[in-house]
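The lines below spell out each chain.
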Amino acid sequence: MLSIDRATYDGIVAHAKRDHPDEACGVVAGPEGSDRPERLVEMVNAAGSPTFYEFDSTEMLALYREMWDRDEEPVVIYHSHTATEAYPSRTDIGLASEPGAHYVLVSTREHGNNAGPVEFRSYSIVDGVVTEEEVTVVDPDPHSIPDPHSIPDPDSTPNPDSRSVT
Amino acid sequence: MAVEVRIPTILRTYTGGEKAVHAEGANLGGLIDDLESHHPGLRERLIESGDLRRFVNVYINDEDVRFMGGLEAPLADGDQVVVLPAVAGG
């Protein structure tokens, strides 16, 4: 399962919409071994293409060096499909090289650069085998944001902290 | 001539889990031959038809070897080589 916070989820979707009709790509880094995607890093699509993406080699080395310095790893590797569904293509599967990562696919085929829902799906890709996984978007804890206008209601049920989007 | 080679996660099965290994070579091709002698199977993951694989990035001291002559790129004692599979797809 991929658990991702609302701001990061929104950031990935916004990047995909902005770069449409070209594919957008990037990573969400997190502490090594934690499985927590915490730091969104938008990458340049060196291919600049509606059907292909590739991290720029120099920018990619800089990113990996930064992650090594911070004891991070790429928890999520994302890219968009701009005309097809959010499912890994044969090329995606053939080139997948991070067996521990969540490969997130966003499809902007429905609404392009405009507002509107997107397909947002996540997979593990290990030795050519694709396994889809549930995505849980974690909303900010309402109790951690002080609201001066709120009136405590002892009878209210607490809001669920997360919502499944699959 | 000892050169440190940073091994990506996906290739650590060839290095017994080591993140970095040392190898020797006057150029990148020689270094990969030396790597292969200690970690059999690694060369095939880096080289195809006598050249570096299209979707494997290799850097010497932070410079992409494609701009340094590829397998002919010269190495000196103390250099650092980083191998990173390209992050790419369709």
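Residues numbered from 1 in each chain as written. Chains lettered and ligands numbered in written order. Predicted model: local features only at pLDDT ≥ 70, side-chain atom pairs only at ≥ 80, totals over all residues.

Engineer: So what's going on with the interface of chain B and chain A? Residues and values would help.
Structural biologist: Each partner contributes residues to the interface: chain B has 15 residues there, and chain A has 20 residues. Elements supplying a minimum of two residues to the side of chain B that touches chain A: strand S5 (56-60), strand S7 (80-85) and strand S8 (88-89) of chain B. The element that contributes the greatest number of residues to the side of chain B that touches chain A is S7(B), accounting for three residues. Here the residues of the side of chain B that touches chain A are counted per class, giving nine nonpolar, four polar and two charged. In terms of strand pairing, strand S4 (residues 53-54) of chain A meets S8(B) through two bridges, oriented antiparallel. Across the sheet, Glu54(A) pairs through a bridge with Ala88(B), a residue of S8(B). (Contact = placed C-beta atoms within 7 Å. Helix = DSSP H or I, 4+ residues; strand = E, 2+ residues; numbered from the N terminus. Nonpolar A, V, L, I, M, F, W, Y, C, P; charged D, E, K, R; others polar. Pairing = 2+ DSSP bridges.)

Engineer: An account of the sheet that holds strand S8 (residues 129-133) of chain A is needed here, citing residue identities and associated values.
Structural biologist: All names here are of chain A. As summarised here, the arrangement of the six strands in space is S3-S2-S5-S6-S7-S8, forming an open sheet in which the pairing is mixed. Bordering the open sheet on either side are strand S3 (39-43) and S8, each of which pairs with just one other strand. Between one strand axis and the next, the sheet turns by 30° as a mean value, whatever way the strands run. When strand S7 (residues 119-126) meets S8, the two strands line up antiparallel, connected through five bridges. Bridge pairing links Tyr123 to Glu132 in S8. Relative to the sheet, helix H2 (residues 57-69) contacts strand S2 (25-31), S3 and strand S5 (72-81), its axis offset from that of S5 by approximately 145°. (Axes fitted to C-alpha atoms, helices over the stretch in contact; angles between N-to-C directions.)

Engineer: Give a detailed account of the environment of Pro37(A), specifying residues and quantitative values.
Structural biologist: Residue and element names in this part refer to chain A. With respect to the helices and strands, the residue Pro37 is situated in the loop between S2 and S3. Classification of Pro37 as buried rests on a count of 24 C-beta atoms within 10 Å. Distance in space between the C-alpha atoms of Pro37 and Pro74 is 8.0 Å, their sequence separation being 37 residues. Apart from residues no more than four positions distant in its own chain, Pro37 is found in contact with Ile4, Thr8, Val28, Gly30, Val75 and Val76. (Buried ≥ 20, exposed ≤ 12 C-beta atoms within 10 Å, placed from the backbone.)

Engineer: Requested: an account of helix H1 (residues 6-19) of chain A, with residues and values cited.
Structural biologist: Residues and elements named next belong to chain A. Here H1 contains 14 residues, and its C-alpha end-to-end distance of 20 Å stays within 8% of the 20 Å for a straight helix at 1.5 Å per residue. Along H1, the residues that are buried comprise Tyr9, Ile12, His15, Ala16 and Asp19. For H1, the buried positions fall inside an angular range of 130° around the axis, keeping them on one side. Residues of H1 that are exposed and point over 90 degrees away from its buried face: Ala7, Ala14 and Arg18. At its buried positions, H1 is contacted by strand S1 (2-5), S2, S3, S5, strand S6 (102-107) and strand S9 (135-138). (Expected span 1.5 Å × (residues − 1). Arc of directions from axis to C-beta.)

Engineer: So what about the sheet that holds strand S2 (residues 20-23) of chain B? Which residues, and what values?
Structural biologist: Spatial strand order, S2-S1-S7-S5-S6 (chain B): five strands in an open sheet with mixed pairing. If you trace the sheet from one side to the other, it starts and ends with S2 and strand S6 (63-64) of chain B, each paired once. Of the pairings in the sheet, the one linking strand S1 (residues 3-6) of chain B to S2(B) comprises four bridges and is antiparallel in character. Pairing of Glu4(B) across the sheet is with His22(B), part of S2(B). Packing of H2(A) onto the sheet brings it into contact with S5, S6 and S7 of chain B, and relative to S7(B) it is tilted by some 105°. Docked against the sheet, helix H1 (residues 28-38) of chain B engages S1, S2, S5 and S7 of chain B, running at close to 110° with respect to S2(B).

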